[in-house]
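Geometric and topological summary
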Amino acid sequence: QVQLVESGGGLVQAGGSLRLSCAGSGRGFSTYTMGWLRQAPGKEREFVAAISRYGTNTYYADSVKGRFTIARDNAKNTVNLQMNSLKPEDTAVYSCAASSGFSIWPRPADFGSWGQGTQVTVSS
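Residues numbered from 1 in each chain as written. Predicted model: local features only at pLDDT ≥ 70, side-chain atom pairs only at ≥ 80, totals over all residues. Heavy atoms only, no water.

1. What to know about the pattern of salt bridges
- The tally for this structure, following the rule as stated, stands at five salt bridges.
- Asp-90 is the salt-bridge partner of Arg-38, the closest N and O atoms lying 3.0 Å from each other. One end of the pair, Arg-38, is in strand 4 (residues 33–39); the other, Asp-90, is in the loop between strand 8 (78–83) and strand 9 (92–99), with 52 residues separating them in the sequence. Taken individually, Arg-38 and Asp-90 each receive the classification buried, so the pair is uniform in this respect.
- Taken together, the shared-partner salt bridges in this structure form one network comprising Arg-38, Glu-46, Arg-67 and Asp-90. (Salt bridge = Lys/Arg side-chain N within 4 Å of Asp/Glu carboxyl O. Helix = DSSP H or I, 4+ residues; strand = E, 2+ residues; numbered from the N terminus. Buried < 20%, exposed > 50% of the residue type's maximum accessible area, 1.4 Å probe, protein only.)

So, in structure tokens, the structure goes:
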């Protein structure tokens, strides 16, 4: 599958913004649903957001809906996550991932290719 590299993480105060970017390489980037997942210390990986192959459909976890926006540019093989109004509970390692498909709603198990992750830390 496609290889993925994330960037854009960092330290930000509550209420601030960050923009995460994921660069893909390999064949068929546009054939994958792309998503962002995160994992906080001591917790399991959770779904954050996803976008369908041509951007027609987007999916967001309730915890980030209205604050985060996912977008993709298939011509550049990139997907990004704009994160606004950040909260301390958003602190986690964020990973970009590719999925060949899912039934109704994306789940971590639906994604077969993963990036290394980028740390996002939100201070109060």
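Here the narrative resumes.
2. Considerations on the nonpolar core
- Among the nonpolar cores identified, the biggest contains 32 residues, and Met-34, Trp-36, Leu-81, Met-83 and Tyr-94 are the most heavily contacted of them.
- If you list the elements that add at least two residues to this core, you get strand 3 (18–25), strand 4, strand 5 (46–51), strand 6 (58–60), strand 7 (68–73), strand 8, strand 9 and strand 11 (118–123).
- Here the element with the most residues in this core is strand 5; it accounts for five residues.
- When sequence neighbours within four positions are dropped, the list of residues in contact with Tyr-94 reads Glu-6, Leu-20, Trp-36, Leu-37, Arg-38, Val-48, Phe-68, Leu-81, Met-83, Gly-117, Thr-118 and Val-120. (Core = buried A, V, L, I, M, F, W, Y, C linked by side-chain atoms within 4.5 Å. Contact = heavy atoms within 4.5 Å.)

The analysis is restricted to geometry; functional conclusions fall outside its scope.
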